[in-house]
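Architecture and fold: a report
Chain by chain, the residues run as shown.
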2 protein chains.
Amino acid sequence: MTERSVRTARRTRADGDRTRQLILDTAVRLATVEGLDGLSIGKLANATAVSKSGVYAHFDSKQDLQLATVDNARKLFVDVVVVPSLRAEGLERLTALCEMFLSYVEQRTLPGGCFFAAAASELGGRAGPLRELVASNQRDWIGLLSAAASQALTNQQLRSDTDVEGLVFELNAIVVSANTGFILHDDPVIISRARSAIERVLDAAKSA
Amino acid sequence: MTERSVRTARRTRADGDRTRQLILDTAVRLATVEGLDGLSIGKLANATAVSKSGVYAHFDSKQDLQLATVDNARKLFVDVVVVPSLRAEGLERLTALCEMFLSYVEQRTLPGGCFFAAAASELGGRAGPLRELVASNQRDWIGLLSAAASQALTNQQLRSDTDVEGLVFELNAIVVSANTGFILHDDPVIISRARSAIERVLDAAKSA
DNA sequence: CCTACCGATCGGTAGG
DNA sequence: CCTACCGATCGGTAGG
């Protein structure tokens, strides 16, 4: 009987998982505004109504929390940008990836815009595992665009003399720049300017 | 006599100006790596071998220091990117602005790459005078590119149906993305990829 | 420009 | 998961 009431009162594993997820989701949102470094355990504890040591119950150190936050941001990015685009193939997939990225920014999915654009700028000039993890995620994204572009080339949807790396560099530059500009100037016109630029670049590369 | 020795021992106005400039130059460099917010008065004092209150002798508050740091970064940018490009006009000026920007990044003028690219990413999602100052500098840069592009159009160096705003958006996206990629991946190939992209975009816009 | 100090907050730990 | 605490560092000030 005592045993029983203790058991019902005790926090279950599922509770712990939910708290951990709450902390990480909040961390992703906070980090797009304050930066991954500006994110403090104290502020995060306050924002989630968990005590500081409650946060440390889930993460060994600030760096451990930061790495888990990047992983969580990756999951979000895959869910809202990548997965919906995988329904299409080749040129259509390439177009969808760019459009879903722009829409992910435009919808203000995260308050400070794209998590990885912010993290890449913040950590670019530093060293350590956090920077490497962000760089690796960035390479994965470029790889995803490149694979779609290559398939479009194989499908003869793009001109046979297309420079795939150059095309992907340009597309990525456009969507990332749209993110920064949209957040800095709070101006949706920048998103439509990016849409036009994407269209122009892809039209120029399309096979006749 | 006592008067005299006191006078020679006393710090002159020029000494103060030199210290202030040393602080600001160090702040610009540090801010490209640590961020304008990550920049602390203590670290800055250490890096310049001035005491913390020595820093406060020149700036009323951290925000005051940050605003002065942005102004100092602007001066540097004008010196190394803008001024050399103003010798040319029209299309040549537009090309020079892009090339000088890429070279300013490639030469590692600042350890964390372009100051304003870093500041725009860091402050984009926040509010206040610092963000407004950075946004205003960003608009000036876009305005500079736009003016050169417009003149190129007037000079009939660009096709008469050229979308100046779209062209400038694309050129800026390319050079800023080159900055982030170069710093994050430490790979000079990204700069040459950007040079090719600039060339491709400008070639497509050139009048026959 | 310095030394010496302020309260607040940082990342992190002890003990439960 | 909590309260209560640690030394270090933060932005900033007093007094010289």
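Residues numbered from 1 in each chain as written. Chains lettered and ligands numbered in written order. Predicted model: local features only at pLDDT ≥ 70, side-chain atom pairs only at ≥ 80, totals over all residues. Heavy atoms only, no water.

**Considering the protein's contact with DNA strand D**
- Neighbouring residues of DNA strand D: 17 residues in total, closest Thr19, Ser51 and Ser53 of chain A together with Ser40 and Lys62 of chain B.
- Sugar and phosphate atoms represent 52% of those atoms of DNA strand D found within 4 Å of the protein.
- At 2.6 Å, a backbone N or O of Lys62 of chain B approaches a phosphate oxygen of DNA strand D.
- At the level of elements, helix H4 (52–56) of chain A together with helix H3 (41–48) and helix H4 (52–56) of chain B are the ones that each hand at least two residues to the surface near DNA strand D.
- Across the surface near DNA strand D, the residue classes tally to five nonpolar, nine polar and three charged. (Near = heavy atom within 4 Å. Polar contact = N/O pair within 3.5 Å; in protein donor to acceptor, adjacent residues only side chain to side chain. Helix = DSSP H or I, 4+ residues; strand = E, 2+ residues; numbered from the N terminus. Nonpolar A, V, L, I, M, F, W, Y, C, P; charged D, E, K, R; others polar.)

**Concerning the state of the cysteines**
- Applying the stated criterion across every chain, the model contains zero disulfides over all chains.
- The thiol of Cys98 of chain A is unpaired, and the distance to the nearest cysteine sulfur, on Cys114 of chain A, comes to 13 Å. (Disulfide = S-S within 2.5 Å.)

**Here's the deal with empty space enclosed by the protein**
- Taken as a whole, this structure holds three cavities of 30 Å³ or more when the rule is applied.
- Estimates place the volume of the largest cavity at around 90 Å³.
- Lining the largest cavity, in full, are Thr32, Gly112, Cys114, Ala117, Ala118, Asn179, Thr180 and Ile183 of chain A together with Ala120, Ser121, Gly124 and Gly125 of chain B.
- Put simply, the parts of the chain that give the lining of the largest cavity at least two residues each are helix H7 (115–123) and helix H9 (164–185) of chain A together with helix H7 (115–123) of chain B.
- Broken down by element, the residue count for the lining of the largest cavity peaks at three residues, all from H9 of chain A.
- Residue composition of the lining of the largest cavity, grouped by class: five nonpolar, seven polar and no charged.
- As for the second largest cavity, its lining consists of Ala120, Ser121 and Gly124 of chain A together with Thr32, Gly112, Cys114, Ala117, Ala118, Asn179, Thr180 and Ile183 of chain B. (1 Å grid on protein atoms, 1.4 Å probe; cavity = no way out; pocket = protein on both sides within 12 Å on 5 of 7 lines; lining within 4 Å. Points joined across faces, edges and corners; volume = space filled by probe spheres on them.)

**Quick word on the relation of the copies chain A and chain B**
- Mapping chain A onto chain B calls for a rotation angle of 180° and an axial translation of 0.0 Å; the resulting RMSD is 0.0 Å. Here the transformation between the copies is reduced to the relation of a two-fold axis. Using C-alpha coordinates, one finds that chain A approaches the rotation axis most closely at Ala173 of chain A, a distance of 2.6 Å.
- Interface residue correspondence from chain A to chain B reaches 100%, placing this contact among same-surface, isologous pairings. (Least-squares fit on C-alpha atoms with pLDDT ≥ 70 in both. Contact = heavy atoms within 4.5 Å.)

**So, the interface of chain A and chain B**
- Listed by partner, the interface residues are 34 residues for chain A and 34 residues for chain B.
- For the pairing of chain A and chain B, the buried interface totals around 2,900 Å² over both sides, and the portion due to carbon and sulfur atoms is 58%.
- Among the residues of chain A in contact with chain B, Phe169, Leu184 and Arg193 of chain A are the three that bury the most area, contributing 23% of the side total.
- Across the pair Glu170 of chain A and Arg200 of chain B runs a salt bridge whose closest N-O atoms are separated by 2.2 Å.
- A per-element tally of the side of chain A that touches chain B places H9 of chain A first, with 14 residues. (Buried area = accessible area lost by both parts, 1.4 Å probe. Salt bridge = Lys/Arg side-chain N within 4 Å of Asp/Glu carboxyl O.)

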